[in-house]
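Structural overview for review
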Amino acid sequence: ALHWSVFAACSKPCRPFGLNIAPHCKMSKTHFASTSRGSSCDNVHLSPFASYLCNCTSFIKNNNKHNDVNIIMGNEAGDADSIISALALSYVGSSVEEENENKRHIPIVSIPRSDMKLRRDASLLLKMSGVDEDTHLLYIDDDSVQSFLNDSKDSVTMTLVDHNKLRSDLWHLESKVTDIVDHHRDEGFHTSSVSSMHREVAFEDNYATVGSTCTLVAERLFQQSTDTNNIDASVGLALLGVILLDTINMSPQAAKGTHRDEKAIDTLLKCTPWNRLLTTPNEHLSHIFTTVPKNDNQLEALPQPDRVKLHHYLSKSKFDATFWEGMTMRDALRIDYKRFDSSSLSPSSDGASSFGLSSVLLPLSSLPNKKDWCKQTINFMTKDAKVPLLGVLSMVVVDNVPIRELLLFGTSIELLNDMTTYLLKDEACAFLDLSLTAHDDVTTPALEEGVLCKRFKQGNSKGSRKQVAPAMLGFFSNPSNSNL
């Protein structure tokens, strides 16, 4: 096979930190069968990871049969964790000898193609990993993807990563969900099609037990390798970068990472053959690599990503104030937006018991600087998202500590006031440590538009959307609130 030399040569096993690394040193026939000679995916300079993704794209675009396909997709917000974990899990699933060698794992980026430019951290990390976001990837709004999803066969299955409830616009595929890999509170859906063995939800006692879905994918990668020295450095860098971003490089002040994240970071750093990534010139890599001293198992000192430099490089791209300040209010709201439905059976058709949460990496005080910010917010809420409640979750990082605020918009004064009382006084929300603050620097000329808002300061810096969303869902579980 074209890239066999990259994976073969299982030398000394790297078994750090007590990881159970199962016997494996071969790629599946399906993985290499998808590579056709003479295609652009055969470029010798492509990493196995990039070549695999390229072949997935070619398969969906050129094959009309679509037999035995497993679609792997992240959540609708499509942040770096959702994008990279879907791509990497697909690659990992296709890189092992399976009972069903005809099963193809196809990753789909869960956002429109035109929106990828807004995911600067994910875009940069893909470039660093040698993946071309334009030609190697499939996006949710691609014609070939839409055609496939609307005409899916019985043999098609779906794996959800970084979420555990299928998005409302794909709910017609609900019965096809067979696997879940996630670190958000389990909403309890897809129980008839996803067995407990195929439902990995790393969330307990209001908190995720891993800081990143990419950590869960990395653990699977380690378990399926006899020798982690056969890890493709491209997928290793992609996973490492996201885990560092999501855990703020395991900052104790942020407290977003767990021991599992640290174990994954250390294993990727120490056991991935990083020198293979440097064989092709890449302007982005020179910033983040360093040389580590050789050990007893090495003949020479080897290059390795500097985790501090890598985190800083990606974080600078993600939190770039100039980028965020130059964005329209609508783009700022939709770049990391998720809708939540309280219905226990299916997504609410009328939106009455639904709400949306947009994460923005700006202080709330800067929002009025955007042109028509309030009008664009109202239009996004009422016309695009079509929800009666919209929360804008603001986060900025100061000295590695997240500073969080919440701006909550409502089309009903009764609903907004009742949700506000619930968030402030209900025991289920006490851990968020929310308090109302003045609107002095966030004027809201929305009253005449029929939309009101409340502003909150959040004392718990660990309380991300993973915690805020389940808390708000709890409001609708009270029968007295369900008809508001």
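So, how was this worked out
- Residues numbered from 1 in each chain as written.
- Predicted model: local features only at pLDDT ≥ 70, side-chain atom pairs only at ≥ 80, totals over all residues.
- Heavy atoms only, no water.
- Pairing = 2+ DSSP bridges.
- Helix = DSSP H or I, 4+ residues; strand = E, 2+ residues; numbered from the N terminus.
- Axes fitted to C-alpha atoms, helices over the stretch in contact; angles between N-to-C directions.
- Contact = heavy atoms within 4.5 Å.
- Phe/Tyr/Trp six-rings, centres within 6.5 Å; stacked < 30°, edge-to-face > 60°.
- Buried < 20%, exposed > 50% of the residue type's maximum accessible area, 1.4 Å probe, protein only.
- Lys NZ or Arg CZ within 6 Å of the ring centre and 35° of its normal.
- Salt bridge = Lys/Arg side-chain N within 4 Å of Asp/Glu carboxyl O.

A word on the sheet that holds strand 4 (residues 177-182)
On the basis of which strands lie adjacent, the open sheet formed by 5 strands has the order 2-1-3-4-5 and parallel pairing. Strands at the two margins of the open sheet, each flanked by one partner only, are strand 2 (104-108) and strand 5 (199-201). The mean angle between the axes of side-by-side strands here comes to 20 degrees, regardless of whether they run parallel or antiparallel. Summarising the sheet, strand 4 and strand 5 pair through 3 bridges and their orientation is parallel. The residue bridging Ile-180 from the neighbouring strand is Arg-199, located in strand 5. The strands touched by helix 7 (residues 213-223) are strand 3 (157-161), strand 4 and strand 5; relative to strand 4, the strand with the most contacts, the crossing angle is about 110 degrees.

Focus on the packing of aromatic side chains
Each aromatic ring pair is specified by the distance between its two centres and by the angle formed by the two planes. Scanning the model with the defined rule gives 12 aromatic pairs in all. With a centroid separation of 5.3 Å and 20 degrees between ring planes, the pair formed by Phe-340 and Phe-355 is classed as stacked. Highlighted residues: Phe-340 in strand 10 (residues 337-341) and Phe-355 in strand 11 (residues 354-360), separated in sequence by 15 residues. For Phe-355, a relative accessible area of 0% corresponds to the buried category. An aromatic cluster is present here, built from Phe-340, Phe-355, Tyr-422, Phe-475 and Phe-476 joined pairwise through their rings. In this structure, Arg-120 packs its charged tip against the face of Phe-323, placed 4.6 Å from the ring centre. Above the ring of Tyr-207, the side-chain terminus of Lys-462 is found at 4.6 Å from the ring centroid.

Some points on unusual backbone geometry
The phi angle at Ala-255 is positive, at roughly 55 degrees, despite the residue not being glycine. Take Ala-255: it is sitting in the loop between helix 8 (233-246) and helix 9 (259-271). Here the phi dihedral of Asp-372 falls at roughly 50 degrees; this positive angle occurs in a residue that is not glycine. Looking at the element boundaries, Asp-372 is found in the loop between strand 11 and helix 13 (373-385).

Details of the pattern of salt bridges
Under the definition given, this model contains 16 salt bridges. A salt bridge links Arg-199 to Asp-186; the nearest nitrogen and oxygen atoms lie 2.8 Å apart. Within this pair, whereas Arg-199 is found in strand 5, its partner Asp-186 is found in the loop between strand 4 and strand 5, the two being separated by 13 residues in sequence. Judged by its relative accessible area of 17%, Arg-199 falls in the buried class. Accessibility expressed as a relative area gives 33% for Asp-186, which makes it partly exposed. In this structure, the salt-bridge partner of Glu-219 is Arg-260, at a minimum N-O distance of 2.8 Å. Separated by 41 residues along the polypeptide, Glu-219 in helix 7 and Arg-260 in helix 9 bring together distant segments of the chain.

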